[in-house]
Amino acid sequence: MLAEQEVFVAFFMAKPRTENIDQPVLALSGVSVQFLNHGKALHVVRDMGFRIDRGSRTVILGETGCGKSVMAMALFRLLPANAIVSGNVFLNGDTDVFSLTHGELREMRGGEMVLVPQNPMSHLNPVFSVGFHIKETLRRVNGLPKKRMGERSLELLEQVGFAEPPVVAALYPHQLSGGMAQRVMLAMSMAGLPSLVVADEPTRGLDAQSRDHYLALSRELYRDCAFLMITHDLAAARTCERVIIMYAGRIVEEGPVEKVLGQPGHPYTRGLIAAHPDNGFTTIPGMPPELTDEEHGCAFEPRCTGSSRSCCDPPPMKYLSGRHRVRCCHA
Ligand code: SF4
């Protein structure tokens, strides 16, 4: 288990980017994660593959337990020792993340690739001020002189919308609201000029005003990065260009946000949209499969109102149009 300060360093230790502009910033293929638990294998992520280009925003949607946060932790190799991870993750074309040494990985995390974790408050050290957190991150970027680090930390706080940066810099984590803590994390994430930012449930627990403020700021600040957001929040998802729908550890639909959320091709995506409070709160009957289950046919079949004898086994990923793809026999 990492100590609190080590977690902070792991997420935000920074290094200038070394990107190849002709390649996607993030490219995954065949990524699977299993956990060994009392001799049983739990299949949490299965054969994930997608890419994110520079300057684009992708969101992963799915119910709790579908594997989206585990997938994010796997990208940063932050899973515990009983996780078995396979597949390939390439950053900026030629950096094979799963082959990096521990030292190389430490340089990469927080520099070229930043994970903004769930619940920012639990990742801010309660004994250090906001200003210290940001200066510590900057110190690891390029060893700015002390005076310049102070100035830069105030600039970052101003960039994320604080009207009085020196006042905020002097605050301690317990003095921040949820929205303020999220903006402090935004400032810290930008200290290393990342090419990839992964934000896990960044709008969770925020009121509508703070959420809208965060989303507007993140669009502005991460405009030159590849941005991957993990969320349950459909309104937040609509601020992205592409959406990936995950069910039982697999991608079941992927495509442009307006296509997938406007004309969903998979019954699960339709159920997810109907379950949103704004759309009537109609829950999907049944439960997801057990993580210990071997796959037989379509994982969504027991809950699917459209299942029939002609459902194929297992359903292939079909391309509907362009880069809109769906894992359903009847799409
Ligand atoms: S393959 Fe059949 S059971 Fe699976 S989602 Fe499509 S219609 Fe439903």
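As the structure is a computational prediction, the values presented were derived from the model and not from experiment.

*Asks:* Residue-level account of the overall build of the protein, with values.
*Replies:* Along its length, the protein carries 11 helices and 12 strands. For the protein, whose C-alpha radius of gyration is 20 Å, the value lies close to the compact-globule estimate of 20 Å for 331 residues. Projected onto the principal axes, the alpha-carbon positions of the protein cover approximately 70 × 45 × 45 Å. In the protein, which comprises 331 residues, the proportion classed as buried is 42%. Counted over contacts in the protein with a minimum sequence separation of 6, partners at least 24 positions apart contribute 67%.

*Asks:* Provide a residue-level description of the nonpolar core, including the pertinent values.
*Replies:* Among the nonpolar cores identified, the biggest contains 80 residues, and A187, L196, V197, V198, V243, I245 and Y247 are the most heavily contacted of them. Looking at which element gives the most residues to this core, the answer is helix α7 (residues 178–190), with eight residues. When neighbours within four sequence positions are excluded, V198 is seen to be in contact with A72, L75, L115, V116 and L228.

*Asks:* Please set out unusual backbone geometry residue by residue, giving values where relevant.
*Replies:* Located in the positive-phi region is D47, a residue other than glycine, with phi close to 50°. Examined against the element boundaries, D47 turns out to sit in strand β2 (residues 40–52). Even without being glycine, A248 reaches a positive phi, approximately 50°. Relative to the assigned elements, A248 resides in the loop between β9 (242–247) and β10 (250–256).

*Asks:* Help me get a handle on helix α2 (residues 68–75), residues and values and all.
*Replies:* Among the eight residues that make up α2, six are buried, leaving the element largely enclosed by the rest of the structure. R77 sits one or two residues past α2 and shows a positive phi near 50°.

*Asks:* I'd love a proper account of the pairing of β10, names of residues and values included.
*Replies:* With six of seven residues buried, β10 lies mostly within the body of the structure. Examined bridge by bridge, β9 and β10 share six bridges and lie antiparallel to one another. The residue of β10 that forms the bridge with Y247 is R250. Once β9 ends, the chain turns through two residues before running back antiparallel as β10, passing A248 with a positive phi of about 50°. Note that β10 and strand β12 (residues 324–327) share two bridges and pair antiparallel. Paired with E254 across the strands is R325, a residue of β12.

*Asks:* Please give an account of the sheet that holds β12 that cites residues and values.
*Replies:* Pairing between sheet strands relies on hydrogen bonds along the backbone, with the strands arranged either parallel or antiparallel. As summarised here, the arrangement of the eight strands in space is β6-β7-β8-β3-β9-β10-β12-β11, forming an open sheet in which the pairing is mixed. The outermost strands of the open sheet, each flanked by one partner alone, are β6 (113–116) and β11 (317–321). In this sheet, neighbouring strand axes are inclined to one another by 20° on average, regardless of whether the strands run parallel or antiparallel. In this sheet, strand β8 (residues 226–231) lies alongside strand β3 (residues 57–61) in parallel orientation, the contact comprising five bridges. Its bridge partner lying in β8, V59 is registered against M229. Sitting on the sheet, α2 touches β3, β6, β7 (196–200), β8 and β9, and the angle it makes with β7 is about 145°.

What counts and what doesn't
Residues numbered from 1 in each chain as written. Predicted model: local features only at pLDDT ≥ 70, side-chain atom pairs only at ≥ 80, totals over all residues. Helix = DSSP H or I, 4+ residues; strand = E, 2+ residues; numbered from the N terminus. Rg over C-alpha atoms; globule rule 2.2 N^0.38 Å. Buried ≥ 20, exposed ≤ 12 C-beta atoms within 10 Å, placed from the backbone. Contact = placed C-beta atoms within 7 Å. Core = buried A, V, L, I, M, F, W, Y, C linked by C-beta atoms within 7 Å. Pairing = 2+ DSSP bridges. Axes fitted to C-alpha atoms, helices over the stretch in contact; angles between N-to-C directions.

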